[in-house]
Amino acid sequence: MSVDTKTDWEAVIGMEVHVQLATRSKMFCGCSTDYLGQPPNTHTCPVCLGLPGSLPVINRRAVELLLTSAMALNCEVQEFTKFDRKNYFYPDLPKGYQVSQYDLPMSRHGWIEVGGKRVRITRVHLEEDTGKLVHAGDALQSAETSFVDLNRSGTPLMEIVSEPDLRSATEARDFAVELRALLRTIGASEADMEKGHLRAEANVSIRPHGSDELGVKTELKNINSFRALQRAVDFELRRQAEVLESGGKVVQETRGWSEPEQRTFSQRTKEFAQDYRYFPEPDLPPLSFERAHLDALAKELPELPAARRARLVARHGLSAYDAALLTAEAELATLFEQVVGHGAEAKPAANWIIGEILPAYSGSLPAAGGFAALVKGIAAGTFNREQGRTILGRLLDGAGFEEASAGLSQLSDQGELAAIVDRVLVENPKIVADYRANPSAIGPLVGLVMKASGGTANPGLARELLKDRLDR
Amino acid sequence: MTLSRDQVRHVALLARLGLKDGEEDFYAEQLSHILEHIDRLGQVDTEAIPPTAQVVEMRNVMRDDVIQPSLTQEEALANAPEARDGFFVVKAIQDADPG
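In short, a report on the structure. (Residues numbered from 1 in each chain as written. Chains lettered and ligands numbered in written order. Predicted model: local features only at pLDDT ≥ 70, side-chain atom pairs only at ≥ 80, totals over all residues. Heavy atoms only, no water.)

**Description of the overall build of chain A**
Then, in step 1: When helices and strands are tallied, chain A shows 16 helices and 17 strands.
Then, in step 2: Counting across all 472 residues of chain A, residues that qualify as buried make up 50%.
Then, in step 3: Carbon and sulfur atoms form 51% of the exposed surface of chain A, whose accessible area is close to 21,400 Å².
Then, in step 4: Averaging the coordinates of the 54 positive side-chain charges in chain A and doing the same for the 64 negative ones gives two points 1 Å apart. (Helix = DSSP H or I, 4+ residues; strand = E, 2+ residues; numbered from the N terminus. Buried < 20%, exposed > 50% of the residue type's maximum accessible area, 1.4 Å probe, protein only. Areas by Shrake-Rupley, 256 points an atom, 1.4 Å probe, with all protein chains shown as cover. Lys, Arg positive; Asp, Glu negative; His and termini not counted. Charge placed at Lys NZ, Arg CZ, Asp CG, Glu CD.)

**Focus on the sheet that holds strand 16 (residues 279-280) of chain A**
Residue and element names in this part refer to chain A.
Then, in step 1: Taken in spatial order, the three strands of this open sheet run 6-5-16, and their pairing is antiparallel. Whereas interior strands pair on both sides, the edge strands pair on one side only; in this sheet they are strand 6 (97-100) and strand 16.
Then, in step 2: Examined bridge by bridge, strand 5 (residues 84-87) and strand 16 share two bridges and lie antiparallel to one another. Across the sheet, residue Asp84 finds its bridge partner in strand 16, namely Pro280. (Pairing = 2+ DSSP bridges.)

**Some thoughts on the pattern of salt bridges**
All names here are of chain A.
Then, in step 1: Taken as a whole and judged by the stated rule, the model has 31 salt bridges over all chains.
Then, in step 2: Residues Asp283 and Arg85 are paired through a salt bridge, measuring 3.3 Å at the closest nitrogen-oxygen approach. Of this pair, Asp283 sits in the loop between strand 16 and strand 17 (287-288) while Arg85 sits in strand 5, placing them 198 residues apart in sequence.
Then, in step 3: Its relative accessible area of 30% is what places Asp283 among the partly exposed residues.
Then, in step 4: Taking the shortest distance from any N to any O, the salt bridge between Glu171 and Lys117 comes out at 2.9 Å. Linking Glu171 in helix 3 (residues 169-185) with Lys117 in strand 8 (residues 117-128), this pair joins segments that are 54 residues apart in sequence.
Then, in step 5: Under the relative-accessibility criterion, Lys117 is labelled partly exposed at 26%.
Then, in step 6: Salt bridges linked by common partners bring Glu236, Arg239, Glu253 and Arg255 together as one network. (Salt bridge = Lys/Arg side-chain N within 4 Å of Asp/Glu carboxyl O.)

**Quick word on the pairing of strand 15 (residues 263-266) of chain A**
The side chains of a regular strand alternate between the sheet's two faces.
Residues and elements named next belong to chain A.
Then, in step 1: Relative to strand 15, strand 14 (residues 253-258) runs antiparallel, the two being bridged by four bridges. When the sheet's bridge partners are listed, Trp257 is paired in strand 15 with Thr264.
Then, in step 2: Linking two consecutive strands that pair antiparallel, namely strand 14 and strand 15, is a turn of four residues; a positive phi of about 55° is found at Gln262 within it.

**A closer look at the pairing of strand 8 of chain A**
Residue and element names in this part refer to chain A.
Then, in step 1: As defined by bridge partners, strand 7 (residues 107-114) adjoins strand 8 across seven bridges and the pair is classed as antiparallel. When the bridges of strand 8 are listed, Trp111 appears paired with Arg120.
Then, in step 2: Between strand 7 and strand 8, which pair antiparallel one after the other, the connecting turn spans two residues, and Gly115 there sits at a positive phi close to 55°.
Then, in step 3: Of the pairings in the sheet, the one linking strand 8 to strand 11 (residues 156-162) comprises seven bridges and is antiparallel in character.

**What about the interface of chain B and chain A?**
Then, in step 1: With 40 residues of chain B in contact, the opposing surface of chain A contributes 62 residues.
Then, in step 2: Here chain B packs against chain A, burying approximately 4,600 Å² in sum over the two surfaces, 57% of which is carbon and sulfur.
Then, in step 3: When the buried surface of chain B facing chain A is broken down by residue, Met62, Arg63 and Asp65 of chain B rank first, second and third, together holding 16% of it.
Then, in step 4: Put simply, chain B and chain A have one salt bridge between them.
Then, in step 5: Close ionic contact of Asp64 of chain B with Arg60 of chain A constitutes a salt bridge, the shortest N to O distance being 2.3 Å.
Then, in step 6: Connecting chain B to chain A are 19 residue pairs in polar contact (both at pLDDT 80 or more).
Then, in step 7: Listing elements by their share of the side of chain B that touches chain A, those giving two or more residues are helix 1 (5-14), strand 1 (62-63), helix 3 (73-77) and strand 3 (87-91) of chain B.
Then, in step 8: In the side of chain B that touches chain A, the residues fall into 20 nonpolar, ten polar and ten charged.
Then, in step 9: As defined by bridge partners, strand 2 (residues 58-59) of chain A adjoins strand 1 of chain B across two bridges and the pair is classed as parallel. Paired with Ile58 of chain A across the two strands is Met62 of chain B, which belongs to strand 1 of chain B. (Contact = heavy atoms within 4.5 Å. Buried area = accessible area lost by both parts, 1.4 Å probe. Polar contact = N/O pair within 3.5 Å; in protein donor to acceptor, adjacent residues only side chain to side chain. Nonpolar A, V, L, I, M, F, W, Y, C, P; charged D, E, K, R; others polar.)

**Considerations on the packing of aromatic side chains**
Then, in step 1: As enumerated under the stated definition, the model contains seven aromatic pairs over all chains in all.
Then, in step 2: Seen in terms of ring centroids, Tyr88 of chain A and Tyr276 of chain A are 5.8 Å apart; in terms of plane orientation they differ by 65°. Their pairing is edge-to-face. With a gap of 188 residues between them, Tyr88 of chain A in the loop between strand 5 and strand 6 and Tyr276 of chain A in the loop between strand 15 and strand 16 connect regions that are remote in the sequence.
Then, in step 3: Between Phe26 of chain B and Tyr27 of chain B the ring centres are 5.1 Å apart and the planes differ by 75°, which places this aromatic pair in the edge-to-face class.
Then, in step 4: Under the relative-accessibility criterion, Phe26 of chain B is labelled partly exposed at 48%.
Then, in step 5: The structure contains a cluster of three or more aromatic residues connected by ring pairs, namely Tyr88, Tyr102, Tyr276 and Tyr278 of chain A.
Then, in step 6: Directly above the aromatic system of Tyr276 of chain A lies the positively charged group of Lys86 of chain A, at a separation of 4.4 Å from the ring centroid.
Then, in step 7: Taking the ring centre of Trp111 of chain A as reference, the NZ or CZ of Arg118 of chain A above it sits at 3.5 Å. (Phe/Tyr/Trp six-rings, centres within 6.5 Å; stacked < 30°, edge-to-face > 60°. Lys NZ or Arg CZ within 6 Å of the ring centre and 35° of its normal.)

**Some words on the nonpolar core**
Residue and element names in this part refer to chain A.
Then, in step 1: Judged by nonpolar contacts, the single largest core of 70 residues is most densely connected at Met15, Phe83, Ile160, Phe175 and Val233.
Then, in step 2: Ranked by residues supplied to this core, first place goes to helix 2 (residues 60-72) with eight residues.
Then, in step 3: Leaving out residues up to four positions away in the same chain, Met15 has contacts with Ile160, Val161, Ser162, Leu166, Ala172, Phe175, Ala200, Glu201, Ala202 and Leu229.
Then, in step 4: The next biggest cluster of nonpolar side chains, apart from the first, holds 30 residues, and it includes Leu335, Val340, Ala350 and Ile354. (Core = buried A, V, L, I, M, F, W, Y, C linked by side-chain atoms within 4.5 Å.)

**Looking at the side chain of Ser69 of chain A**
Then, in step 1: In this structure, Ser69 of chain A sits in helix 2.
Then, in step 2: Those residues in contact with Ser69 of chain A that sit more than four places away from it in its chain are Met158, Leu183, Ile186 and Ala188 of chain A.

**So, the sheet that holds strand 9 (residues 132-134) of chain A**
Then, in step 1: Pairing in this open sheet of four strands is antiparallel, and the strands run 9(A)-10(A)-3(B)-2(B) from one edge to the other. Edge positions in the sheet fall to strand 9 of chain A together with strand 2 (83-84) of chain B, since each has one partner strand and no second.
Then, in step 2: Alignment of strand 2 of chain B against strand 3 of chain B, held across two bridges, turns out to be antiparallel. Along strand 3 of chain B, the bridge assignment pairs Ala83 of chain B with Phe88 of chain B.

**Examining unusual backbone geometry**
Then, in step 1: The residue Asn41 of chain A is not glycine, and still its phi comes out positive at about 55°.
Then, in step 2: Along the chain, Asn41 of chain A turns up in the loop between strand 1 (9-20) and helix 1 (46-49).
Then, in step 3: In this structure Asn41 of chain A comes out as buried when scored by relative accessible area, which is 0%.
Then, in step 4: Even without being a glycine, Asn60 of chain B presents a positive backbone phi close to 50°.
Then, in step 5: Inspection of the secondary structure puts Asn60 of chain B in the loop between helix 2 (23-39) and strand 1.

Next comes the structure, spelled out in C-alpha cells:
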C-alpha cells in the first residue's frame, strides 16, 4: 500500500459493478432505453411505472447479453435461475421493490485477469435499474422537494460482484478498465462511466500486512470515472489507516466520493440494518438454459481483450504496455490491425495511434487506408511529424488522403535545405557560439531551420547539415 | 411463535406504517396468530416434494427486444399527487440510496 503511515497496512478491495446492458428496450417492458438527454418521464409505461395490474415479461436479449458476459468472465452459468423481489422504499423505485436475483443468480465463480493476476468474480446477475432523483441544479427545486424521472426505471442492469482480491487503488482502477474493455468487446454495454452505463462501487478495508483476517469495510459510491475510482480508494485507504492509528475504529458504512472536495464522506443515515425481505418474483416464471444454447452463445464470443493483447505482442512485437493501451479501446486495436494490414509498420503505427489519436479519442477515427498511407509516408520521410499531425487532423475531419496531404511534403532536398541552414547560421552567431560551449544547444538551431522553411524541413536532415557545418 | 413489540415496530417501519399507542400489542397478537397458523403447514410431510418458487408450470417466458410505444409525459404523470416540469415531485430525499 502506497500510503505513508506507521503500520504496514494491506489494502483489501472488492468491487461491485452495475452495468447497463445494450438492449433497445427495457428489461421487462417495451419502452425504449434511448432516453439519454430526453425530457423526463417520456420513456415509461405501466410496467416500469409500477402501476397496479401491470405484468413484466423478460427481455430475451438482456438474458443473452448477461450469459455472454458471464462466459467472458469465466463464470459457471447456472442451468436453473429465477428472479426475486428486493423490497425497500425509495422514490426512484416506483414498485417498492427491485426485481433482482438473490439465491439463484444466473452465474457464479468466474475470474478476470487484471495486470497478470486473476481476480475472482463471485457472481454475475441480472436486475433492473431504478429511476433517477434530481437533487440539485434546478432553480425551481426547493429544499423540501426532490424531482423524480422514471425514464431509467426498468433498464436492464447486470451486477458483477468480485471477491476482495484487489490490493491497491491502481488495481481497482485497472479492474474497472479491463471490465469496460471486455464488455465493449462483446457488445454487452457501451460501458461509459461518465454516462452511467458502468457504475463501480468499491468495498474497501485494510489490515496489517501478513494478517488474513478482514478489517471493517466501507462501501464507496458516487464514482463517475476511472480516475475518481482510483482517487476515492486511495483517499479511503489513507483515511482508514489514520483512523486505526489514532486508536479509532472504522465504522461499516456507505461513503460517497466528492469530486470537488476530493474526499469521501459518510452517507450513513438511519441506524437499522438493511432488511430487503427477498422473495421469489411470482410474476416471472423461472429460466432454465439448455447446454446447446449456452454452447452456441460461447461459440459466438469474439476474441477477448486479454487474448488480443497477447496476439498484438506476439505477432506485431508491441510492448505489453502499448498493447494494453490499444486494447483498452477495442476500436483503436482494430484500427491498428487494419493499418498494419495496409502495409504500415507496426511500431510507428502503434506510436501514432497512442500518441496522436488516443489522448483526445472520443469515438472518431481516421479511415484505415488514409492513416496507413500517412504512417508509411512518415516512415519514408515524405512528411515530417508536424505535417503528419496536420494530415491526421484532416483525415479525422473526413478528408481522403490525397486531399489531406495536398501541398504537404517534407523538404529533403540537400541543396535547398543547405541554403536555409547556411542562412540561419549567419543570422544567429550568438546561438552558434552557445553551441560551441554546449553541443546540446543544437536544438534551437534545428527549430530556426524548421521555422525558416515554413515547417517543411526534414528535421533529421537539417540536424545533420547543421552539425556537418558547425563541426567542420 | 410470538412476536415481540420490537419485531412489530421493525416490520411496521419496513412497511412504512405508522402505529398508534397500543396498536403494537394488538398487532403482535394478531400477527402471532397468523404465524401459528402458518406453522401448522410445517406438519405436512414434504419429504418427496421438491422446493418450488412458482406454482405455474412455466419456464423461459421471454419477449424479443423490440421497442413498443411509451406513454406520453402527460399520461405518465396523470395520477401523480404532485408534478412539475415533467417530473414527479416528492419530499426531499437527501440520504444515501439504500439500494
